[in-house]
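Observations on the three-dimensional arrangement
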Amino acid sequence: MAAANSLMAEENFLCSICLDVYTKPVSIPCGHNFCLDCITDYWDSNNTVIQCPLCKEKFYNRPMLRVNTFIAPMAAKVKKLYVEKPCGMAEKAGNGNVPCDICQGAKLAALKSCLVCFMSYCETHLEPHQRIAALKKHKLINPVANLESRVCKKHDEFLELFCRVDQMFLCMSCKDSDHRAHKIVSVEEEAQLRKTQLEIEKKDMDQMSQARQQKIDEFQHSVEASRNNAAKALSNSTHVMTAVVDYIKKSQAELTQAIQTKQEQTEKEIEGYVKELEGEIMQIKQKSLQLDQVSLNDDAFEFLENVLSHISPPPQVKDWSDVTLNNRHQLSVQGSLTKLQATVTREIRMLCDPDLKEMQQHAVDVTLDPDTANPSLIVSADGKQVTHADRKRNLPYKPERFDNVLNVLAKEGFSSGKFYYEVQVKGKTQWDLGVANQSINRKGDIRLSPKNGYWTVWLRKGNEFTANAGPAIDLHPRDRPQKVGVFVDYKEGQVSFYDVDTRACIFSFTGCHFTEKLFPFFSPCVNDGGKNSAPLIITPVTCNN
């Protein structure tokens, strides 16, 4: 009977995962038994390797699990026998608690672990360590499951010290041998220090997280504000444009009426002049006829008598030599309208150029020419990016290479027609872009200006835009461009720069006289300690129709 009770002891039917009596016990190929749910959850949470939690035997395929019909009934009986515990008994080990190594049957939760005995004790079995003088000297710690990990494998002594130099656990023998000159502290002291450091780090992490959450809130608020501003801008633009169009239409009607009125006045004035001139012509013709009649008489006496008595005085006419038609009004109107058209066109282009889409139709494939690049520049293998290197490379001399300034040209040159390309300048605080003549000077210091064969704009200090027109012109775009479009009309002598995202014209060189091939021009400028490390990138042109 005693043997039967021993066989039916609870510890023989405990699952090593949940430390409870089996529920739906299953056997796996290595022979160990577990609760069906326990081993299933274990494999689900460790799905990269299928192995036994006890012996660590690995299985290539996940075993088919079936309830062990031999163990299941006995486990049910054991669970029924031990389902009720005496009042006041400590809670059974499990759910993360370390079991007492002395308890028979239902193991109670350990209160302490002994680093000398290498065993864990519940409150009852810990009593000798609190009573017997020799046992009181043992090192007791909060209960841990694997006490063997706390033992030095070299000296079989308790790992109670920590080396701050080698960052490792030590026993007393380790301290006296290989770590004499190192900074050694107790494990408790090191743990307390690390806890303090972790608390500080956690506070820092919390502050960093909070700061980033605040930044997210700020961005989200900015998005909402941007939407509201965009809606207001759209509404205002519609209102303003409608008002401008209405005013222009009204002005056109008034101007038409004024021109017509002026023309009627002019015609009436001319009509009066014509009538007056016709009257004077009539007088002149009458005088001329009279003179003809007198002149036909051959008798001298009668001729003189007729002259003295019949010839009337000269006709009363005025001098018309200074009388002219005044067309200055019409010319003034035409000039004003031409000036108005130029002004409106310029202002609208600075706001959002409706012709940019048409210009983008002239997009060309541009690649950087490494043979022209300054030795301190790095051109990507595909010829689409250029950055400033930290050091000057030793490259062979080439007459086309810029030797002193951080410039590079494109391989492609253009001597007719129109062309357009786009360059990403995002993240940069300095850059130069534009076009240059083929014959430009590439050695020594270079001053960018049309006089020297350069039509360029640049950015300095992150927000200072300049058109290098000679003299330079300060530019004030509404936004800092992330991508710049460059358009050239060779025949018309125009070089224009655009903020691609806002479609606004940044600046235009007009009235230029090109006589040789033009090459796209680039300069990423100095790295500036990483502040300007972003590359200039030639990007594909996307035209959104």
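Residues numbered from 1 in each chain as written. Predicted model: local features only at pLDDT ≥ 70, side-chain atom pairs only at ≥ 80, totals over all residues. Heavy atoms only, no water.

**Some remarks on the overall build of the protein**
- A tally of helices and strands in the protein yields ten helices and 21 strands.
- When the 545 residues of the protein are sorted by exposure, 31% land in the buried category.
- Summed over its atoms, the accessible surface of the protein is roughly 35,000 Å², and 54% of this surface lies on carbon and sulfur atoms. (Helix = DSSP H or I, 4+ residues; strand = E, 2+ residues; numbered from the N terminus. Buried < 20%, exposed > 50% of the residue type's maximum accessible area, 1.4 Å probe, protein only. Areas by Shrake-Rupley, 256 points an atom, 1.4 Å probe, with all protein chains shown as cover.)

**Focus: the sheet that holds strand β18 (residues 494-499)**
- With respect to topology, seven strands assemble into an open sheet ordered β9-β10-β21-β12-β17-β18-β19, the strand pairing being antiparallel. If you trace the sheet from one side to the other, it starts and ends with β9 (377-379) and β19 (504-509), each paired once. Across this sheet, the average inter-strand angle for adjacent strands is 20 degrees, counted without regard to direction.
- Relative to strand β10 (residues 385-388), β9 is paired through three bridges, and the arrangement is antiparallel. Bridge pairing links I378 to T387 in β10. (Pairing = 2+ DSSP bridges. Axes fitted to C-alpha atoms, helices over the stretch in contact; angles between N-to-C directions.)

**Notes on the sheet that holds strand β14 (residues 454-460)**
- Strands sit in the order β11-β20-β13-β14-β15-β16 across an open sheet of six strands; the sheet is antiparallel. Looking along the sheet, the strands with just one partner apiece sit at the ends: β11 (408-409) and β16 (473-475).

**Looking at the pattern of salt bridges**
- Taken as a whole and judged by the stated rule, the model has eleven salt bridges.
- Two residues, R164 and E190, come together in a salt bridge whose shortest N-O distance is 2.6 Å. Of this pair, R164 sits in the loop between β6 (161-163) and β7 (168-170) while E190 sits in helix α7 (residues 187-295), and the two are 26 residues apart along the sequence.
- Owing to a relative accessible area of 27%, R164 belongs among the partly exposed residues under this scheme.
- Since its relative accessible area comes to 5%, E190 is described here as buried. (Salt bridge = Lys/Arg side-chain N within 4 Å of Asp/Glu carboxyl O.)

**Digging into the environment of T429**
- Positionally, T429 belongs in the loop between β12 (418-424) and β13 (431-437).
- Each residue touching T429, except ones within four places of it in the same chain, is listed here: L459, R460, K461, G462, R480, K531 and N532. (Contact = heavy atoms within 4.5 Å.)

**Digging into helix α3 (residues 71-81)**
- All of the buried residues along α3 are I71, A75 and V78. In a view along the axis of α3, the buried residues occupy a sector of 60 degrees, so they form one face of it. Summarising the geometry of α3, the exposed residues directed more than 90 degrees from the buried face are K77 and K80.
- Residues of α3 that are buried make contact with β1 (25-27) and β2 (33-35). (Arc of directions from axis to C-beta.)

**Re the confidence of the model for the protein**
- Per-residue confidence for the protein gives a mean pLDDT of 82; residues scoring 70 or more make up 86%.
- Looking over the protein, one finds the lowest element-wise mean pLDDT in helix α1 (residues 2-7), namely 47, and the highest in strand β20 (residues 518-523), namely 97.
- The low-confidence segment residues 1-6 (pLDDT under 50) makes one contact with residues lying over four places distant or belonging to another chain.
- Scored below 50 in pLDDT, residues 84-95 shows 24 contacts in the model against residues more than four places distant or in partner chains. (pLDDT = per-residue confidence, 0-100.)

**Looking at helix α2 (residues 36-45)**
- Among the residues of α2, C38, I39, Y42 and W43 are the ones counted as buried. All buried residues of α2 project into a common sector of 125 degrees when viewed along the axis, lining one side. Exposed side chains of α2 directed beyond 90 degrees from the buried face belong to D37 and S45.
- Here the buried face of α2 lies against β1 and β2.

**Some words on the packing of aromatic side chains**
- Under the defined criterion, the tally for this structure stands at eleven aromatic pairs.
- With a centroid separation of 5.9 Å and an interplanar angle of 50 degrees, the aromatic rings of Y421 and F522 are classed as tilted. Highlighted residues: Y421 in strand β12 and F522 in strand β20, separated in sequence by 101 residues. Each member of the pair, Y421 together with F522, is buried.
- Ring centres of Y454 and F521 lie 5.5 Å apart, and the angle between their planes is 75 degrees; this geometry places the pair in the edge-to-face category. Residue Y454 is found in strand β14, and its partner F521 is found in strand β20; the two are separated by 67 residues along the sequence.
- Relative accessible area serves as the criterion here: at 1%, Y454 is assigned to the buried category.
- Chaining the aromatic ring pairs together yields one cluster made of W455, Y490 and F514.
- Geometry around W458 places R460 over its ring, the cationic atom sitting 4.0 Å from the centre. (Phe/Tyr/Trp six-rings, centres within 6.5 Å; stacked < 30°, edge-to-face > 60°. Lys NZ or Arg CZ within 6 Å of the ring centre and 35° of its normal.)

**What to know about the state of the cysteines**
- Counting across every chain of the model gives zero disulfides.
- Its sulfur unpaired, C30 is 3.5 Å from the next cysteine sulfur, which belongs to C52.
- Given the relative accessible area of 22%, C30 is considered partly exposed.
- Free of any disulfide, C152 has its nearest neighbouring cysteine sulfur in C174, separated by 3.7 Å.
- Taking the relative accessible area as the measure of exposure, C152 reaches 7% and is therefore buried. (Disulfide = S-S within 2.5 Å.)

**Remarks on the nonpolar core**
- Core analysis: the largest hydrophobic core is formed by 38 residues, its most contacted members being W431 and F522.
- Residue contacts for F522: discarding those within four places in its chain leaves V366, L368, L406, N407, V408, A410, Y421, V423, D432, L433, L536 and I538.
- The next biggest cluster of nonpolar side chains, apart from the first, holds 19 residues, and it includes L14, V26, I28 and I50. (Core = buried A, V, L, I, M, F, W, Y, C linked by side-chain atoms within 4.5 Å.)

**Here we look at unusual backbone geometry**
- One non-glycine residue with positive phi stands out, namely Q167, at about 55 degrees.
- For Q167, the location among the structural elements is in the loop between β6 and β7.
- Exposure remark for Q167: the relative accessible area of 44% places this residue in the partly exposed category.
- In this structure, C525 takes a positive phi of about 65 degrees despite not being glycine.
- On the basis of relative accessible area, C525 is assigned to the buried category, the value being 7%.

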